Each structure stands twice: as C-alpha cells, then as structure tokens.
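# Results of the structural survey
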Amino acid sequence: MQVLVYSDYDEMSAAAARMIASKIGELPKPVLGLATGSTPIGMYAELVRLHNEEGLDFSNVTTFNLDEYCGLDAEDPRSYHWFMKEHLFSHVNLDPEKAHVPAGNSADPDGECARYERLIKEAGGIDLQVLGIGMNGHIGFNEPGSDPNSRTRVVRLAEQTIEVNRAKGGLNALPGYAISMGIGTIMEARQILLLANGAGKAEIIRRALTGPVTPDVPASLLQTHPNVVCMLDKPAASLLDLS
Ligand code: PGA
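Definitions and limits used
Residues numbered from 1 in each chain as written. Predicted model: local features only at pLDDT ≥ 70, side-chain atom pairs only at ≥ 80, totals over all residues. Heavy atoms only, no water. Helix = DSSP H or I, 4+ residues; strand = E, 2+ residues; numbered from the N terminus. Rg over C-alpha atoms; globule rule 2.2 N^0.38 Å. Buried < 20%, exposed > 50% of the residue type's maximum accessible area, 1.4 Å probe, protein only. 1 Å grid on protein atoms, 1.4 Å probe; cavity = no way out; pocket = protein on both sides within 12 Å on 5 of 7 lines; lining within 4 Å. Points joined across faces, edges and corners; volume = space filled by probe spheres on them. Nonpolar A, V, L, I, M, F, W, Y, C, P; charged D, E, K, R; others polar. Near = heavy atom within 4 Å. Polar contact = N/O pair within 3.5 Å; in protein donor to acceptor, adjacent residues only side chain to side chain. Areas by Shrake-Rupley, 256 points an atom, 1.4 Å probe, with all protein chains shown as cover. Pairing = 2+ DSSP bridges. Axes fitted to C-alpha atoms, helices over the stretch in contact; angles between N-to-C directions. Contact = heavy atoms within 4.5 Å. Core = buried A, V, L, I, M, F, W, Y, C linked by side-chain atoms within 4.5 Å. Salt bridge = Lys/Arg side-chain N within 4 Å of Asp/Glu carboxyl O.

### Brief notes about the overall build of the protein chain
Each helix and strand in the protein chain was counted, giving seven helices and 10 strands. Computed over the C-alpha atoms, the radius of gyration of the protein chain is 17 Å, within 12% of the 18 Å expected from 2.2 N^0.38 for a compact globule of 243 residues. Seen through its principal axes, the protein chain has C-alpha atoms that stretch 50 × 40 × 35 Å. Within the span of the protein chain, comprising 243 residues, buried residues form 53% of the whole.

Next comes the structure, spelled out in structure tokens:
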C-alpha cells in the first residue's frame, strides 16, 4: 500500500481528484467506484472545477456508488443518490444512465443487489474504487465482522454508524438498513483509493494500515489488496510511523 500524506484537507482532495482525472484520461471507458460521506466532498468539488475550468470529460465514464440506505429514493435529501447529484452528478457531463447507485427503494432488495453485481461485471469491473473509512473501520457499509468474501447485499447498520451519520447530516432519522457493495466486490477493484482526514480518524487509520488483518476492522483487509493508494491529511496520519 502506498501512503501519501498531505499538509491539509484541500491538498489531499486535490491530489485525489488528480488521480481520478488521470484515470479518466488514460482509459477509453473508465469505471469508477464512488463513495459518499464528508471525506470525499472536497475531491468532488475539485473534480467539478476540473470539468468546468480544464475540460475534464466524463462522457465515457461509468460510476458505481458503494451504498444506499434502504427505503430511500433518489429524491430523498437523506439518500446517497441525492448526495451524489448535489456534489458531482448534476455538475459534470456524466451520462445519468451510467451513474449507478443501488436502488434503496427497490421492492426486491435482494434482486437489486444481484442486479448491481451484474451491472458491475457487465461494465468490465471497477478500475478505481474510492473509499472513506468509518470510525469503526467500516468500508462502504461493511461493518465490523463482515465476511471478507461478501458481495452486494442488504446490511444492518451499526448503531454507531447511524448515530454518526445522523449527527453529521443534522437529520432526525435514518434507516437502519442499507444496500452495500460487499468486501469481496470492493476487493475486485483493480485499484483502490482510500481517503481519510482529521485527527478523529488517526487511530482507526493506524489500526487499518498497521494492525492485524481482521474482519473486525474491515479496512484492514485492504492490506491484502495489491494496488491501494491511501491519501491522508497530516492529522489523520499522526499515529503512523512513516519513517
Ligand atoms: P465520513 O464517513 O467520510 O463522513 O467520515 C466515512 C465512512 O463512514 O465511511
């Protein structure tokens, strides 16, 4: 795993956007895996700037988001589909048909999970998967204890996750279930970009990058992936020994 430390959040976000932009420039049909949460917001803002000011072209890009809350549709401001429209989809020339988010409001959630896996396969797999990390080490909504071979499925969220996300969004209530790509799905991405910022992430980053590889810290399983780039700001890297 390559670990890159930046002086602040803006620098980390700009570097992450540059990495995505080069992937888009280098491949004829790039397939990106995307994440929600507070961490990638700066990266999306920079991608929008690159599109507006430097002509970054999303017309050949296909995207797959990691997860979505069960029961919420794309018009619900609490949904991750809404988040993606707000921060990226509405601002760049990405074909809406190629911008995939699991359908949280599907009447057949298990069927939706199978459909999502099939779509990823039909697109040729994910070239670059962006990940944030939860305070408990989750990636996507794969909470501690998730099967390392898990595929896209309905998951029950940890109480801590619901509370953290509710507080972050200033929301009254959030569903207790979500559809999430599995750890096995994520690990099949050809390259992974793990992002974390802020002192609050320092301890879980230390455990994920240097602790034992264990499903109890799902992000630690990334140590076994052959092509991971981890971008951190200084506070998030503060408990790593990088000498
Ligand atoms: P955050 O969430 O980017 O808002 O910290 C990350 C996550 O829970 O995966």
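### A short note on the layout of surface pockets
Over the atoms rolls a probe the size of a water molecule, and in doing so it shows where empty space is left. Empty space within the largest pocket amounts to approximately 690 Å³. Taken together, 36 residues make up the lining of the largest pocket; nearest its centre are Gly-37, Ser-38, Tyr-80, Asn-165 and Lys-168. Elements with a contribution of two residues or more to the lining of the largest pocket: β4 (67-69), α3 (80-87) and α5 (159-169). At six residues, α5 tops the list of elements feeding residues into the lining of the largest pocket. For the lining of the largest pocket, the class distribution of residues is 16 nonpolar, 15 polar and five charged. His-81, Val-101, Pro-102, Ala-103 and Arg-115 are, among the 16 residues lining the second largest pocket, the residues nearest its centre. Looking at the lining of the second largest pocket, the elements with two or more residues in it are β5 (99-100) and α4 (109-122). Taken together, the residues of the lining of the second largest pocket break down into eight nonpolar, four polar and four charged.

### Side note on the site of the ligand
Around the ligand sit Gly-37, Ser-38, Thr-39, Gly-132, Ile-133, Gly-134, His-138, Lys-168 and Lys-201, and those are all the residues in its vicinity. Contact distances for the ligand include 2.4 Å between an oxygen atom and a side-chain N or O atom of Thr-39. One nitrogen or oxygen atom from the side chain of Lys-201 is found 2.6 Å from an oxygen atom belonging to the ligand. The fraction of the free accessible surface of the ligand (280 Å²) that becomes covered by protein chains is 87%.

### Here we look at the sheet that holds β4
Spatial strand order, β4-β8-β7: three strands in an open sheet with antiparallel pairing. Strands with a single pairing partner mark the edges of an open sheet, and in this sheet they are β4 and β7 (153-156). Direction aside, neighbouring strands of the sheet carry axes that sit 30° apart on average. Here β4 pairs with strand β8 (residues 177-180) via three bridges, running antiparallel. Each bridged residue has a counterpart across the sheet, and for Asp-67 the counterpart in β8 is Ser-180. Helix-sheet contacts for α4 involve β7 and β8, and the interaxial angle to β7 is about 120°.

### Things to note about the nonpolar core
One broad trend across soluble globular proteins is that nonpolar side chains are buried collectively. Core analysis: the biggest nonpolar cluster contains 63 residues, and Leu-47, Leu-88, Leu-193 and Met-231 have the highest contact counts within it. With eight residues, the single largest contributor to this core is helix α1 (residues 9-26). The residues contacting Met-231, other than those within four sequence positions of it, are Leu-4, Tyr-6, Met-12, Ala-15, Ala-16, Met-19, Leu-193, Leu-194, Leu-195 and Ala-196. Counting residues in each nonpolar core, the second largest holds nine residues, with Tyr-69, Tyr-80, Val-155 and Ile-162 among its members.

### Some points on the pattern of salt bridges
All chains considered together, the criterion is met by 12 salt bridges. Between Glu-75 and Lys-85 there is a salt bridge; the shortest N-O distance is 3.1 Å. In this pair, Glu-75 sits in the loop between β4 and α3 while Lys-85 sits in helix α3, placing the two residues 10 residues apart along the sequence. Owing to a relative accessible area of 53%, Glu-75 belongs among the exposed residues under this scheme. By relative accessible area, Lys-85 is classed as partly exposed at 22%. Several salt bridges share partner residues, and in doing so they unite Glu-46, Arg-49, Glu-53 and Glu-54 into one network.

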